[in-house]
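Chain residues, written in single-letter form:
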Amino acid sequence: MSVTNAQGQNRLDQRPEWHALGKHREETAGTHLRELFDADPGRADRYTLQVGDLHLDYSKHLVTDETLRLLRELAAATGVFELRDAMFRGERINTTEDRAVLHTALRAPQSATIEVDGHNVVPGVHAVLTKMGVFADRIRSGEWTGHTGKRIRNVVNIGIGGSDLGPAMAYEVLRAYTDRDMTVRFVSNVDGADLHEAVRDLDAAETLFIVASKTFTTIETITNATSARQWLLGQLGAGEDAVAKHFVALSTNAEKVTDFGIDPTNMFEFWDWVGGRYSYDSAIGLSLMLAIGPDAFREMLAGFHLVDEHFRTAPAEQNAPLLLGLLGVWYGGFHDAQSHAVLPYSHYLSKFTAYLQQLDMESNGKSVDRDGNPVNWQTGPVVWGTPGTNGQHAYYQLLHQGTKLIPADFIGFARPVAELGALAGQHDLLMANFFAQTQALAFGKTPDEVRAEGVAEELVPHKTFRGNHPTTTILAGELTPSVLGQLIALYEHKVFVQGAIWNIDSFDQWGVELGKVLAKRVEPALTEGADVPGLDASTTNLVAKYRALRGR
Ligand SMILES: O=P(O)(O)OC[C@H]1O[C@](O)(CO)[C@@H](O)[C@@H]1O
């Protein structure tokens, strides 16, 4: 596909830096990681970075000093650093929604000044954090009681997308830091089964619902919140006045919160310059704060801030989010990689990749540039993965011997969380797998090595491992709140770098709209058999089949 447009020379695929990378790719085609390591004894030492508590090893990537130099030149030419500075300054870099992009302000210290339209937003951020902290302390101490006077022991967060995935992920990651006497659940799916299973064993008198929605118009969340209110009032046999003690809201939309019947004093505010998928360190993290307490929450914010500062100030050669972003551009643009695996070797990171899916794919799953012109290069990859070692016994076969190039991030920790007790003894085995996998992926096993083991000749191709599969290893001492913040900020800024280079708006999400509109149109057809003008033949048949199966 070849596209020309008014942007002319500014188009990514017409830039000399892009062409230089293409040429370099041709010249280095066929080079194996084995050769790169053999030719350069200093490679493993040189290709590492330390950012806060995160040790990054990127030596097992299909790059040389020259590749990295060319990629950095591309970053400079495409204005990554200028856009980064504009983001940190609070400029409206989300152009299609005409909004600033300031999740970094959510973790800025109180002394910072960050202005949107001449207004310093930092005092507001800290006021909400303080309000959240006071509320969390009241719930955790039992001072805040429900309608019947019982203390709150259950928290149910109702939200979807960015109003669910972040706190749900972080709650799992930081389980060891949570109040184990408090039940915290997350309801997102409009499938009634989600809410049903979340509340069926709970005592309503001890349950707090947190309705989390930036817009407070999201149909799934409002439907579930309405059902939760009915359930609560039904269980308590109480009137509407019980709602105030059992419902709080996290939103940017005070009017809609009030319409729903939640007292605005029980609303924790955030702002339109916080994107949904960048919001769990805002008020959206209230459920997490209730679980881990305000101090640990602030430690997490400090971890985010550490990496923000690194991204903002570190030179290009040592800038970790820049490097990770560039590696993705290299594989998507010049190796035709379609996906990116994130493989955490920690059970606590079981929801980490699902969280990254929204962060990355909703941000960079775009096919027009900032000016609305079709792009002629790959944008965001399919992000996928589950914790090791489970994946090893499922899809790693394809990673090792399949036909696809799938760059992967391996994330592991030197020490297990303290409370594992005797089970901590299993940690070395877990981490032995962690190290073995990146080694096997990079270096593989040659036919000669297989033969030397006495393998029958007809089996040699089957037992050969091509190797040359690129991985990043991210190793930290322990999975603490701060380390979680560092990891998330690392990925946020990596996504930013890629969007900047691909010249797309990483902060809008128009692609989710069409399905929402069509669902609204189709619903009356399901319930009432209403005619939907313009409905295609396949969907019409399916709707008819559905109605027949429902006996309608
Ligand atoms: O917080 P809200 O407004 O309910 O939106 C939830 C999610 O819906 C989306 O807009 C996508 O449909 C996400 O970007 C967002 O995180």
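Residues numbered from 1 in each chain as written. Predicted model: local features only at pLDDT ≥ 70, side-chain atom pairs only at ≥ 80, totals over all residues. Heavy atoms only, no water.

For the chain, an unreviewed UniProt entry supplies the name Glucose-6-phosphate isomerase and the organism Actinacidiphila bryophytorum. Annotation of the chain in UniProt includes, under Function (unreviewed entry), the sentence "Catalyzes the reversible isomerization of glucose-6-phosphate to fructose-6-phosphate." In UniProt, the chain has this text filed under Subcellular location (unreviewed entry): "Cytoplasm". (UniProt positions renumbered as here; feature names shortened; annotations may be inferred.)

(A) Representation of the pairing of strand E1 (residues 48–51). The alternating pattern of E1 places Leu49 and Val51 on a buried face, while none of Thr48 and Gln50, on the opposite face, is buried. Counting the residues between successive antiparallel strands, the hairpin from E1 to strand E2 (residues 54–57) contains 2 residues, one of them, Gly52, with a positive phi of roughly 55 degrees. (Buried < 20%, exposed > 50% of the residue type's maximum accessible area, 1.4 Å probe, protein only. Helix = DSSP H or I, 4+ residues; strand = E, 2+ residues; numbered from the N terminus. Pairing = 2+ DSSP bridges.)

(B) Layout of the nonpolar core. Of all hydrophobic cores here, the largest spans 123 residues; its most connected members are Trp273, Tyr280, Leu290 and Phe352. Element by element, the count of residues in this core is highest for helix H20 (residues 481–502), at 13 residues. Ignoring anything within four residues of it in the chain, the contact list for Trp273 reads Ala100, Val101, Leu102, His103, Ala105, Leu106, Val116, Val121 and Val125. Residues Leu195, Val211, Phe247 and Ala249 belong to the second largest nonpolar core, which totals 25 residues. (Core = buried A, V, L, I, M, F, W, Y, C linked by side-chain atoms within 4.5 Å. Contact = heavy atoms within 4.5 Å.)

(C) Broad picture of unusual backbone geometry. For the peptide bond that leads from Gly388 to Thr389, omega is 10 degrees, which places it in the cis range. Tracing the sequence through the fold places Thr389 in the loop between strand E11 (382–384) and helix H16 (396–401). Residue Asp117 is not a glycine yet carries a positive backbone phi of 50 degrees. If you trace the backbone, Asp117 turns up in the loop between strand E3 (115–116) and strand E4 (119–120). For Asn503, which is not a glycine, the phi torsion comes out positive at approximately 60 degrees.

(D) Layout of the sheet that holds strand E7 (residues 207–212). The 5 strands lie next to each other as E6-E5-E7-E8-E9, forming an open sheet whose pairing is parallel. At either end of the open sheet lies a strand with only one pairing partner, and these are strand E6 (183–187) and strand E9 (267–269). For this sheet, the mean angle separating the axes of adjacent strands, direction not counted, is 20 degrees. Pairing geometry for E7 and strand E8 (residues 247–251), over 4 bridges, is parallel. Residue Ile210 lies in a different strand from E8, and its bridge partner there is Val248. With respect to the sheet, helix H9 (residues 219–236) is in contact with strand E5 (154–158), E6, E7 and E8, its orientation differing from that of E7 by roughly 160 degrees. (Axes fitted to C-alpha atoms, helices over the stretch in contact; angles between N-to-C directions.)

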